[in-house]
Amino acid sequence: MPPFFSPLPVFTSAILLRATLLIYGLWQDAHSPLKYTDIDYNVFTSAASLITHHQSPYDRATYRYTPLLAWLLVPTTFQTSTSSYSTWWFSSGKVLFATGDIVAGWLIVLVLTRQRGMRMDTALRYASIWLLNPMVATISTRGSSEGLLGVLVVALLWAVMGRRIVLAGVLLGLGVHFKIYPFIYAPSVVWWLDGEEVGKGGGKGKGSGVLEMVRRFCNAARIKLAVVSLLTFMGLNGLMYSIYGWPFLQHTYLHHVTRIDHRHNFSPYNTLLYLSSSSSTLNSSSPSFPSPLHLNLESIAFIPQLFLSAIALPLILAKKDLPSTMLAQTFAFVTFNKVCTSQYFLWYMVFLPFYLPTSSLLANKKLGLTAAGLWVATQGLWLQQAFQLEFLGNSTFVPGLWVSSLLFFVTNAWILGIIVDDIGSTSTSTSTSSSSPILTSKSLVK
């Protein structure tokens, strides 16, 4: 009998976990007033239904995504003479998202074994953090599309580290079109792609002037990545704009700059967004009503977020360890985002298998347990306050919800500091060890 941490048992267990949750979800939706299916899934499928009737997906209120997502979910609108079959067709989108989880897990294994030289059984242990994670499986089977994002970002990492530059450019452009936030990975990938990283030996150009530095920076791999990703992104946007016009730009991109969603939002901006939302409602009904929030902080909240995730962390860390840097970037992006929901946690969880093997969170069990305990406890405290507000009707905005949001933010900021310190302490000599043969430029040349 093969050990559990071999491909067949791990992936079979991952598939069975999701299949069980899908079946349970159908039962809960049919018998409980508290539905298993995420409300976002109803938004997705309603938009898909509009497409089948030759209408715009943006005619569905709160659809804020690329039309590609609605196109992918057209099968959910199929109807048959048997209601049970129609129910299964309606769930086909959840199957697609759950399948994305599995594919992302397989790509994690490929990166760990082929790019980082890890043994298969060890790689599967770390990949199980994603594959066998009940939170990951539940979110996808409830109808969240984050599993598809997991595939795109891990495939991007796999393509970059495997020197598949054209494919990496296509994946980067597609990922940014699909969900915007993967653009933060572009600086890290570009910074990591030295001439030596792609086997060109471009790191030893003659001269040291500004023009020579620019020439060495603009190597073939970087130029190819930039051109292909830009063409992919602009091509998809041009296609969608030609079909759906201004509503595509407004709802897919511009909305996220000024969005004031406060429900299910772990961010410290939660209360401010609630006040802004209330003010907006009053102003819409009475234009002369003066808004007390003239600063529009929700519109500039992205400044510290983007500085950390798209500038500082890539420049400081990317050359040391690209996969772990992508974790740190995503963790910072989610932590400092003005809207932070449970689905967003999957954005960084998919990178944990790359970071944890050499992390202090595993090396120091006390530190690791403390970090995990605080992350769960502060999140639980926030959920308790949110339950009081949304289900029992008690006003817990201040101090309960606000204080718990601050505690969760501080905990995440502390964990981010640990991650950054771990990556920063990674030395080039350590990265070139025989156990990790494709981590640095020298090993790639070999």
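Rules of the game
- All residue numbers here refer to positions counted from 1 along the written sequence of the relevant chain.
- The model is predicted, so local features are restricted to residues of pLDDT at least 70 and side-chain atom pairs to those at 80 or more, both for listing and for counting; the totals for chains, interfaces and linings are taken over all residues.
- Hydrogens are left out, water is left out, and the side-chain values use all remaining heavy atoms of the structure.
- Secondary structure elements follow DSSP: runs of H or I of four or more residues count as helices, runs of E of two or more count as strands, with numbering from the N terminus.
- Note on exposure labels: buried denotes an accessible area under 20% of the residue type's maximum, exposed denotes more than 50%, and partly exposed covers the range between, all computed with a 1.4 Å probe on protein chains only.
- Any two residues whose heavy atoms approach within 4.5 Å at even a single point are treated as in contact.
- Between rings of Phe, Tyr and Trp, where Trp is taken as its six-membered ring, a pair exists when centres lie within 6.5 Å; planes separated by under 30 degrees are stacked, by over 60 edge-to-face, and by other angles tilted.
- Any Lys NZ or Arg CZ found within 6 Å of a ring centre and within 35 degrees of that ring's normal is scored as a charge over the ring.
- The score called pLDDT rates the predictor's confidence residue by residue, from a low of 0 to a high of 100.
- Axis definition: a line fit to C-alpha positions, over the contact stretch in the case of helices; interaxial angles, taken between N-to-C directions, run 0 to 180 degrees.
- When an angle is under 35 degrees it counts as roughly parallel; over 145 it counts as roughly antiparallel; between 65 and 115 it counts as roughly perpendicular; any other value is oblique.
- Each helix crossing is assigned a hand: it is left-handed if the near helix lies turned anticlockwise from the far helix by less than a right angle, otherwise right-handed if that turn is clockwise.
- Each residue is assigned to one class: nonpolar for Ala, Val, Leu, Ile, Met, Phe, Trp, Tyr, Cys and Pro, charged for Asp, Glu, Lys and Arg, and polar for all the others, Gly among them.
- Residue types Ala, Val, Leu, Ile, Met, Phe, Trp, Tyr and Cys, when buried and joined through side-chain atoms within 4.5 Å, form a set referred to as a nonpolar core.
- Delimitation of the domains relies on an automatic or database domain assignment.
- UniProt positions are given in the numbering used here, feature names are shortened, and annotations may be inferred rather than shown by experiment.

Notes on the environment of Pro-357
Looking at the secondary structure, you find Pro-357 in the loop between helix 19 (352–355) and helix 20 (360–363). Among the residues examined, Pro-357 registers a relative accessible area of 28% and is labelled partly exposed. When the C-alpha positions of Pro-357 and Thr-122 are compared, they lie 9.4 Å apart, and in sequence the two are 235 residues distant. When sequence neighbours within four positions are dropped, the list of residues in contact with Pro-357 reads Met-118, Tyr-126 and Leu-352.

Topic: the packing of aromatic side chains
Scanning the entire structure with this criterion turns up 31 aromatic pairs. The interplanar angle of 35 degrees and the centroid separation of 6.1 Å between the aromatic rings of Tyr-181 and Phe-333 together place this pair among those described as tilted. Of this pair, Tyr-181 sits in the loop between helix 9 (165–179) and helix 10 (185–192) while Phe-333 sits in helix 17 (residues 322–335), placing them 152 residues apart in sequence. Phe-333 matches Tyr-181 in its accessibility class, with the two residues each being buried. Grouped by ring-pair contacts, the aromatic residues Tyr-41, Phe-44, Tyr-58, Tyr-63, Tyr-65, Phe-90, Phe-97 and Tyr-244 constitute a single cluster. Of note, Arg-164 hangs over the ring of Trp-158, and the distance from its end group to the ring centre comes to 4.2 Å. Across the ring face of Trp-191, the terminal group of Lys-319 is positioned such that the distance to the ring centre comes to 4.5 Å.

Details of the environment of Trp-414
Here Trp-414 is to be found in helix 22 (residues 397–424). Judged by its relative accessible area of 35%, Trp-414 is partly exposed. Distance from Trp-414 to Ala-371, taken between C-alpha atoms, is 8.5 Å for residues 43 residues apart in sequence. Those residues in contact with Trp-414, other than ones at most four positions away along the chain, are Leu-367, Thr-370, Ala-371 and Leu-374.

Examining the confidence of the model for the protein chain
Model confidence for the protein chain is summarised by a mean pLDDT of 85, while 83% of its residues fall at 70 or above. Mean pLDDT in the protein chain bottoms out at helix 24 (residues 441–445), which sits at 32, and peaks at helix 19, which reaches 97. Throughout residues 428–446 the model reports pLDDT below 50, and contacts reaching past four residues in sequence, or to other chains, amount to 31 contacts.

Brief notes about unusual backbone geometry
Phi is positive for His-54, which is not a glycine, with a value near 60 degrees. A relative accessible area of 77% places His-54 in the exposed class. Backbone geometry places Arg-163, a non-glycine residue, at a positive phi of 65 degrees. By the secondary structure assignment, Arg-163 is in the loop between helix 8 (146–161) and helix 9.

Some thoughts on the packing of helix 21 (residues 365–390) against helix 22
For the pair helix 21 and helix 22, the least separation of the axes is 9 Å and the interaxial angle reads 160 degrees. By the angle between their axes, helix 21 is roughly antiparallel relative to helix 22. Crossing angle aside, the handedness with which helix 21 passes helix 22 is left-handed. Contacts between helix 21 and helix 22 pair Leu-367, Thr-370, Ala-371, Leu-374, Trp-375, Thr-378, Gln-379, Leu-381, Trp-382, Gln-385, Ala-386 and Leu-389 from the former with Phe-397, Gly-400, Leu-401, Ser-404, Ser-405, Leu-407, Phe-408, Thr-411, Asn-412, Trp-414, Ile-415 and Ile-418 from the latter. Partitioned by chemical class, the residues of the contact of helix 21 with helix 22 number 15 nonpolar, nine polar and no charged.

Comments concerning the nonpolar core
Membership of the largest hydrophobic core comes to 105 residues, with the highest contact counts inside it found for Tyr-63, Leu-69, Trp-130, Phe-345 and Phe-351. When residues of this core are assigned to their parent elements, the largest contribution, 13 residues, is made by helix 8. The residues that make up this core include at least three from each of domain 1 (144–196 + 212–258) and domain 2 (261–277 + 302–426). Sequence-distant contacts of Trp-130, that is, excluding residues within four places in its chain, are made with Arg-18, Asp-101, Ala-104, Gly-105, Ile-108, Val-136, Leu-346, Met-349 and Val-350.

Concerning the UniProt feature "transmembrane region" (unreviewed entry) in the protein chain
Cross-referencing UniProt, the feature "transmembrane region" (unreviewed entry) maps to residues 6–27, 68–89, 95–112, 147–174, 225–244, 299–318, 330–356 and 401–420 in the present numbering. End C-alpha to end C-alpha, residues 401–420 measures 28 Å, and it is 100% helix and 0% strand.

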